[in-house]
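If you want the building blocks of each chain, they are given just below.
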Amino acid sequence: MKPWCISIALFGLSVIDANANTVVEPLIAAQSSSSTQTAVGNDPLLNQDPDAEFIALPFIFSTETLSTAMGAAAVIKHAGQPQAAALGIGLYSSNDSWIGFLGLYNYQIPTIEQWLFSFETYQGHYEQGIYFLDANETPSSQPEKTISEGDKGFSRLHFKYILPFATGANGAKQALLDRRDDISWNPLVSGVSSIKITPYTQHRKLAVNDQLADKARGVELKFEWDNRDAQNDSKEGGKTSVKIKHGLAIDDDPHWTLWEFEQSLFYNLGGNSWFDEQVVAANVFVADTPTWNDYENATQDYRRPPSFAGVYLGGYDRSRGYSSKSFTGRSAVNYTLEYRIKPQWQPLQNWPIFNLYHIPWWQWVMFAEVGKVANEFDAQALHTDMHHTFGVGVRFEVENIVVRTELAFGSEDSEFWVMVNQPF
C-alpha cells in the first residue's frame, strides 16, 4: 500500500466546516476529476499492460452538521486497461448521515481509439444538511439558508470523443499525458480538443419541504479545448469549454436548457532568486438559462431548472468566500485572478510525515474573485453589487495529486477549504 493514500485523509478530509455538503461532495468531485488526470500521468507503461495498483485508506473527521464521520476510499490505477482508473468512497457519521460513491474512468472499446467512456454514481443522506433555496422555492427574493434532513445523488455516463488532430491525432490515450510542450494558439496543431456527451440523472429531496422539485434528468454536451502545458501545474496556455445542459420534463416540471462558458489563461512570469516559478492565472465563467422566462401552458410553469441542477456560485471553485451553491438563479458571471508562486525554499521532504511522500513542489497562492447571480441575462444586472472574494492558499503536489488549502474571505463571511485539484 502506497503512503500517499494517508495524505488524502490528512489533507483532503480534515476540513472543519459547518456545511456537510461542502465537506463530502467537493471531495468526490475533485477526487473523480483527479483520478481521470492522474491515472496515467507520464506513465511509460501507457501502451503496455501494467498490473493494477490498489490503494485503500480509512479516514475520520468531524463537522458541526455531520458530527464524527468515518469512512474509507479506494483507488485502482490501471483498472483493467492501462489508462483506466476506478474510485470508490463510503462514509457513515454518528448522526446517521452517509454517502457512497463509485467512479470508473477512461475506458476504451478495443479498436475505437478516439473515444473514452466513464461512469459516476453518488448517493448521500444528510440528517442536517445545509441548502440555499432560491426565490422559486421560498417566499424570499434572496437565497434562503435552510437546514434540513435530505437525500441527494446523481448518476452520469460520459462519452468523450477526442478530436483526431493536434495532440489528439495519436489517439485518446496519448491525449491523457500530463505534460505538453510547444504551446500554440492554433487548436489544429496544439492541445486536446474534445466533445463530451453526458446523459445524467440527479435528485435532491428535502424533509423541510417535500413539494419542491426533486428530480432532474437530461443530457449535457460539452466542447473543450485543453491547451495547457500541464494539468497539475499550468504555466502557459489555456483551457476553453462550452457546455449545454438540457433537462427533460419530469412529472409536472417542464423541460429547460442552460449553457456555461469558461475560459482559463496562464502566463509565466519566470523565476528569480526567491521564487522558482511565478504564474498569473485568470478564469472567466459565464452562464445563462435561456428558457428562464419561457412559459409552459400545459403545466402553467416556467421552464426553469430546480436550484440544485441550475446555475450557481459559491463553493470550492468559484466565489470561494461563500458556502456551496449560496447563490442560484438564471445567469451568472465570475472572474478570478490568481498569483501562483513556487518558492525556492522547499523543506517539506525533510519534515516528519511529509517525508513519507513524494512532494516535488509546493505553491503559494493569492487570489481575488468577483461574481454575481441574477435572474436576467443582462450585463448591468450581472455587474452591479457583485460578491467579492479575497484569499490565500498553499498547494502541494503529493504523489501526483494536487492538494490545496485555502482561506477565502467573502463580503459577509469566510470559508476554509481543504481540497484536491486546482480550481481551474
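These numbers were taken from a predicted model, which means no experiment stands behind them.

## Structural notes on the nonpolar core
Inference 1: Counting residues in each nonpolar core, the largest one holds 20 residues, and the members touching the most others are Phe 59, Ile 89 and Phe 101.
Inference 2: Ranked by residue count, the leading element in this core is strand β5 (residues 115-133), at four residues.
Inference 3: In this structure, Leu 258, Ala 309, Val 311 and Ala 332 belong to the second largest nonpolar core, which totals 14 residues.

## Details of a nonpolar patch on the surface
Inference 1: A grouping of Met 366, Val 392, Leu 407, Phe 409 and Phe 416 is seen on the molecular surface, where their side chains present a nonpolar patch of about 440 Å² in accessible area.
Inference 2: Tracing the chain through its elements places Val 392 in strand β18 (residues 387-398).
Inference 3: For Val 392, a relative accessible area of 44% gives the class partly exposed.

## Focus: the side chain of Lys 372
Inference 1: Along the chain, the position of Lys 372 falls in strand β17 (residues 362-374).
Inference 2: Although Lys 372 is buried, it makes no salt bridge; Asp 385 carries the closest opposite charge, 5.4 Å away.
Inference 3: Here the side chain of Lys 372 touches Ala 381 through a polar contact of 3.0 Å, landing on its backbone oxygen.
Inference 4: The residues contacting Lys 372, other than those within four sequence positions of it, are Leu 313, Ser 331, Ala 332, Val 333, Ala 381, Leu 382, Thr 384, Asp 385, Met 386 and His 387.

## Describing the side chain of Thr 198
Inference 1: Its place among the elements puts Thr 198 in strand β7 (residues 192-206).
Inference 2: Of the polar contacts made by the side chain of Thr 198, one reaches the side chain of His 158; its length is 2.9 Å.

What counts and what doesn't
Residues numbered from 1 in each chain as written. Predicted model: local features only at pLDDT ≥ 70, side-chain atom pairs only at ≥ 80, totals over all residues. Heavy atoms only, no water. Core = buried A, V, L, I, M, F, W, Y, C linked by side-chain atoms within 4.5 Å. Buried < 20%, exposed > 50% of the residue type's maximum accessible area, 1.4 Å probe, protein only. Helix = DSSP H or I, 4+ residues; strand = E, 2+ residues; numbered from the N terminus. Patch = residues over 30% accessible without salt bridge, like charges linked within 9 Å, V, L, I, M, F, W, Y side chains within 5 Å. Areas by Shrake-Rupley, 256 points an atom, 1.4 Å probe, with all protein chains shown as cover. Salt bridge = Lys/Arg side-chain N within 4 Å of Asp/Glu carboxyl O. Lys, Arg positive; Asp, Glu negative; His and termini not counted. Polar contact = N/O pair within 3.5 Å; in protein donor to acceptor, adjacent residues only side chain to side chain. Contact = heavy atoms within 4.5 Å.

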